[in-house]
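Listed below, chain by chain, are the residues.
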Amino acid sequence: MSAMATASATNLNTHTTAYSGRIYNFSAGPGVLPEDVLLQAQHDLLNIGGTGMGIVEHSHRAKCFDRVLSEAVEDCRAIGNIPASYEVIFTTGGATSQNFMVPANLLAQHETADYITTGYWAEKSYEQAQLYGNIHESWDGRPLKHRYIPSDDEIKPSTNPTYVHICSNNTIYGTQWRNADGSVRLPRIPAGAFLACDMCSDIYSRPMDISQFGVVYAGAQKNVGIAGVSLVLIRKDLLAKNPRELPLILQYRVLAKDESRHNTPPVFPIYMSGLVFKWIIKQGGLAALHKRNIEKAKLIYDVLDSSTFYTGHARVDSRSLMNITFKSPTTALDDLFIAGALRAGMDNLRGHRATGGVRASAYNAMPREGCKVLADYMREFERTHG
Ligand SMILES: *Cc1c(COP(=O)(O)O)cnc(C)c1O
């Protein structure tokens, strides 16, 4: 398996430099996709599986899409080791919609949910949840500019929360819930509560144990596809909760019962996620991807650690393997850095307006070579501007 994964990665790198003049795209989202996936999609857009029609021209009830959807669900389950006690739902509205879907479906007005606010998106989740139930902020990272993920001792839980919400990877600030080896770290949570997790920017970038979560959600456009579809993994017993009257289309129970086809689903985005899942399997699965992602991030963090020029935003123990945030000594130098990087074939390195500086996103589909090219550029830039 690993020999195969290596051969395949090499092919992708060859495409990147020789195939079509594509450059290294460090965008935080929508993010880079594997070239094999894009090439397959290009083909299937015209004529999928010899049907004489493109994927987006088929009915969402036709055999062709039945197969696309069932394989996407099956592969998603296989990759994440998602047992039958969890539903796999594809839905629309982005991760942003899940900010209200989670409390609307899972929190009664008299119940309390804890929110651990570790970044920009976690702030959004916390704000939108206010519409439903009692929302307790058990950690507020704002005063510390969301530089790190709190320890259990720093988190102040409420007495009996229904669930605890976290964001596993903070896309904008570049921090991640992780142990020293990069594996998933989770907060200690009060007995009887379940974990709800915004996993947008690191889902399927490393192995995970779904049984530790009640519900996980992610917009597909960072690690598992394109914008237009979100993945929701939810424990089946939670679907029995019915805390308030909601329109059918906003009920997890209905989306699950109708197997993501209550209405016309986002056919093409689901198809794209299906291709990405097949690509992940071909790479050797999450353990292989995680290993590669650790190596990729290390190429860049090693430069930060040996530099007196760059300053990383994240505290070392909270560094994200997906989004690497740093600054040079001045904003003028940041601008020069970003402009020079573009000339050298690297795009979308500007940090979010909330943080400034530089942000390099190294999602699953970013080849190792891209991170190597960036690391070399960083050293050279420091040598000539430091
Ligand atoms: C990108 C992102 C979002 C927003 O996702 P949309 O699909 O645009 O709604 C939410 N949370 C995190 C962690 C993200 O990275």
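This is a predicted model, so every value here is computed, not measured.

**Some remarks on the pattern of salt bridges**
Argument step 1. This structure, assessed with the given rule, holds 22 salt bridges.
Argument step 2. The residue Arg-67 makes a salt bridge to Glu-71 at a minimum N-O spacing of 2.8 Å. In this pair, Arg-67 and Glu-71 are both assigned in helix 3 (residues 63-80), four residues apart and thus about one turn of the helix distant.
Argument step 3. On the accessibility criterion, Glu-71 (24% relative accessible area) is partly exposed.
Argument step 4. In the salt-bridge network here, residues are joined through shared partners; they are Arg-67, Glu-71, Asp-75 and Lys-278.

**With respect to the site of the ligand**
Argument step 1. Residues in close proximity to the ligand include Gly-94, Ala-95, Thr-96, Trp-121, Cys-167, Asn-169, Thr-171, Asp-198, Cys-200, Ser-201, Gln-221 and Lys-222, which together make up its full environment.
Argument step 2. Contact between the ligand and Thr-171: an oxygen atom at 2.4 Å from a side-chain N or O atom of the residue.
Argument step 3. At a separation of 2.7 Å, an oxygen atom of the ligand approaches a polar side-chain atom of Lys-222.
Argument step 4. The protein chains hide 86% of the 390 Å² of surface that the ligand would expose on its own.
Argument step 5. With three residues, helix 4 (residues 94-106) is the single largest residue contributor to the shell around the ligand.
Argument step 6. A class-by-class count of the residues in the shell around the ligand yields four nonpolar, six polar and two charged.

**Considerations on the side chain of Ser-125**
Argument step 1. Inspection of the secondary structure assignment puts Ser-125 in helix 5 (residues 120-129).
Argument step 2. For Ser-125, the side chain forms a polar contact with the side chain of Asn-99, separated by 2.7 Å.
Argument step 3. Those residues in contact with Ser-125, other than ones at most four positions away along the chain, are Asn-99, Tyr-115, His-165 and Tyr-217.

**What to know about the sheet that holds strand 14 (residues 358-361)**
Argument step 1. Strands sit in the order 11-12-14 across an open sheet of three strands; the sheet is antiparallel. Single-partner strands in this sheet number two, and they are strand 11 (311-312) and strand 14.
Argument step 2. Packing against the sheet, helix 8 (residues 285-305) makes contact with strand 11 and strand 12 (323-327), and its axis sits at approximately 20 degrees to strand 12.

**Observations concerning the nonpolar core**
Argument step 1. Formed by 53 residues in total, the largest nonpolar core has its most connected members in Phe-90, Tyr-204, Val-216, Leu-233, Phe-277 and Ile-280.
Argument step 2. The dominant element in this core, judged by the number of residues it contributes, is helix 7 (residues 267-282), at nine residues.
Argument step 3. Once you skip the residues sitting within four places of it in the chain, Val-216 turns out to touch Cys-197, Met-199, Ile-203, Met-208, Ile-210, Leu-231, Val-232 and Leu-233.
Argument step 4. One finds Ala-297, Leu-321, Phe-337 and Leu-374 within the second-largest nonpolar core, a separate group that totals 30 residues.

**What about the domain arrangement of the chain?**
It is common to report an interface's size as the accessible area lost on association of the parts.
Argument step 1. As assigned here, the chain comprises domain 1 (63-280) and domain 2 (286-385).
Argument step 2. Facing 30 residues of domain 1, the contacting portion of domain 2 comprises 28 residues.
Argument step 3. Between domain 1 and domain 2 the total buried area reaches about 2300 Å² when both faces are included, carbon and sulfur atoms providing 55% of it.
Argument step 4. Connecting domain 1 to domain 2 are zero salt bridges.
Argument step 5. Linking domain 1 with domain 2 are 16 residue pairs in polar contact (both at pLDDT 80 or more), by the criterion used here.
Argument step 6. Elements represented by at least two residues in the side of domain 1 that touches domain 2 include exactly helix 3, strand 6 (169-170), strand 7 (175-176) and helix 7.
Argument step 7. For the side of domain 1 that touches domain 2, the residue count by class is ten nonpolar, 13 polar and seven charged.

The rules we used
- Residues numbered from 1 in each chain as written.
- Predicted model: local features only at pLDDT ≥ 70, side-chain atom pairs only at ≥ 80, totals over all residues.
- Heavy atoms only, no water.
- Salt bridge = Lys/Arg side-chain N within 4 Å of Asp/Glu carboxyl O.
- Helix = DSSP H or I, 4+ residues; strand = E, 2+ residues; numbered from the N terminus.
- Buried < 20%, exposed > 50% of the residue type's maximum accessible area, 1.4 Å probe, protein only.
- Near = heavy atom within 4 Å.
- Polar contact = N/O pair within 3.5 Å; in protein donor to acceptor, adjacent residues only side chain to side chain.
- Areas by Shrake-Rupley, 256 points an atom, 1.4 Å probe, with all protein chains shown as cover.
- Nonpolar A, V, L, I, M, F, W, Y, C, P; charged D, E, K, R; others polar.
- Contact = heavy atoms within 4.5 Å.
- Pairing = 2+ DSSP bridges.
- Axes fitted to C-alpha atoms, helices over the stretch in contact; angles between N-to-C directions.
- Core = buried A, V, L, I, M, F, W, Y, C linked by side-chain atoms within 4.5 Å.
- Domains from an automatic or database assignment.
- Buried area = accessible area lost by both parts, 1.4 Å probe.

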